[in-house]
Amino acid sequence: MSEIKKINHVAIVVGDIDQALTFWRDALGLELHHVEDVPSQKAVVAFMPVGDSEVELVKPTTDDSGVAKFLAERGGGMHHLCFEVDDLEAKLADLKAKGVRLINETPIELPGRKMAFIHPKSTGGVLVELYQLT
């Protein structure tokens, strides 16, 4: 059975990364590690390490992405919680067998990682991402 290793990151949707950094970096004191364009998610992400985890500021780059829809409907705020697992395929199979609604039944593969999302209707309203380093 696959195990959850840690919280990998907490993702926060923002309309403007520079403006958001005035709180997260300048006021709170988190260090900005880097900013990355993530075309597969139609977003730009600012990564700020916190211990073994990260806070990610996520800004949509198109109007038709899930992140853009979230921002338009709810404004900025916490978007999802990401757990790192040791075997993503096994975890997805286990969750599916337990009747958990998955957004991605097979992992999305990106350089150095695989990821999949669990539907908020199965989690009490929280979008959950599962993540495996490869």
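Please read these numbers as outputs of a predicted model, since none were measured by experiment.

Procedures and definitions
- Residues numbered from 1 in each chain as written.
- Predicted model: local features only at pLDDT ≥ 70, side-chain atom pairs only at ≥ 80, totals over all residues.
- Heavy atoms only, no water.
- Helix = DSSP H or I, 4+ residues; strand = E, 2+ residues; numbered from the N terminus.
- Rg over C-alpha atoms; globule rule 2.2 N^0.38 Å.
- Buried < 20%, exposed > 50% of the residue type's maximum accessible area, 1.4 Å probe, protein only.
- Contact = heavy atoms within 4.5 Å.
- Pairing = 2+ DSSP bridges.
- Axes fitted to C-alpha atoms, helices over the stretch in contact; angles between N-to-C directions.
- Core = buried A, V, L, I, M, F, W, Y, C linked by side-chain atoms within 4.5 Å.
- Arc of directions from axis to C-beta.

(A) Geometry of the overall build of the protein. In terms of helices and strands, the protein carries 3 helices and 8 strands. Shown N-terminal to C-terminal, the secondary structure of the protein runs as helices and strands in the order β-α-β-β-β-α-β-α-β-β-β. Over its C-alpha atoms the protein spans a radius of gyration of 15 Å, differing by no more than 12% from the 14 Å that the globule rule assigns to 134 residues. With the C-alpha coordinates of the protein rotated into their principal frame, the extents come out at 45 × 30 × 25 Å. In the protein, buried positions account for 40% of the 134 residues. Contacts in the protein between residues far apart in sequence, at least 24 positions, make up 51% of those at least 6 positions apart.

(B) Inspection of the sheet that holds strand S8 (residues 127-133) at higher detail. Judged by pairing direction, the sheet is mixed, and its 8 strands sit side by side in the order S2-S3-S4-S1-S5-S8-S7-S6 without closing on themselves. Both edges of this open sheet fall to strand S2 (34-38) and strand S6 (108-110), since each of them pairs with a single strand only. Taking each pair of neighbouring strands and ignoring which way they run, the sheet shows an average axis angle of 30 degrees. As defined by bridge partners, strand S1 (residues 4-13) adjoins strand S5 (residues 77-85) across 8 bridges and the pair is classed as antiparallel. Opposite Ile-4, over in S5, you have Val-85 as the bridge partner.

(C) The arrangement of the environment of Leu-130 in detail. Relative to the elements of secondary structure, Leu-130 occurs in strand S8. The class of Leu-130 is buried, set by a relative accessible area of 3%. Along the backbone, Leu-130 and Pro-120 are 10 residues apart, and their C-alpha atoms lie at a distance of 13 Å. Each residue touching Leu-130, except ones within four places of it in the same chain, is listed here: Phe-83, Val-85, Leu-88, Lys-91, Leu-92, Leu-95, Lys-114, Met-115, Ala-116 and Ile-118.

(D) Just unusual backbone geometry, in detail. Positive phi outside glycine occurs at Lys-42, with the angle close to 55 degrees. Within the fold, Lys-42 resides in the loop between S2 and strand S3 (43-50). Among the residues examined, Lys-42 registers a relative accessible area of 31% and is labelled partly exposed.

(E) A look at the nonpolar core. The biggest cluster of nonpolar side chains holds 10 residues, and these are Ile-12, Val-14, Ile-17, Ala-20, Leu-21, Leu-30, Ala-46, Met-48, Val-55 and Leu-57. The set of elements that each furnish at least two residues to this core consists of helix H1 (17-27), S3 and strand S4 (53-60). With sequence-adjacent residues up to four places away left out, Leu-57 is seen in contact with Ile-12, Val-14, Ile-17, Ala-20, Leu-21, Trp-24, Val-44, Val-45, Ala-46 and Met-48.

(F) Summary view of helix H3 (residues 88-97). Listed in full, the buried residues belonging to H3 are Leu-88, Lys-91, Leu-92, Asp-94 and Leu-95. For H3, the arc enclosing every buried residue in end-on projection is 160 degrees, short of the 170-degree limit, so these residues lie on one face. Along its buried surface, H3 packs onto S1, S5, strand S7 (113-118) and S8.

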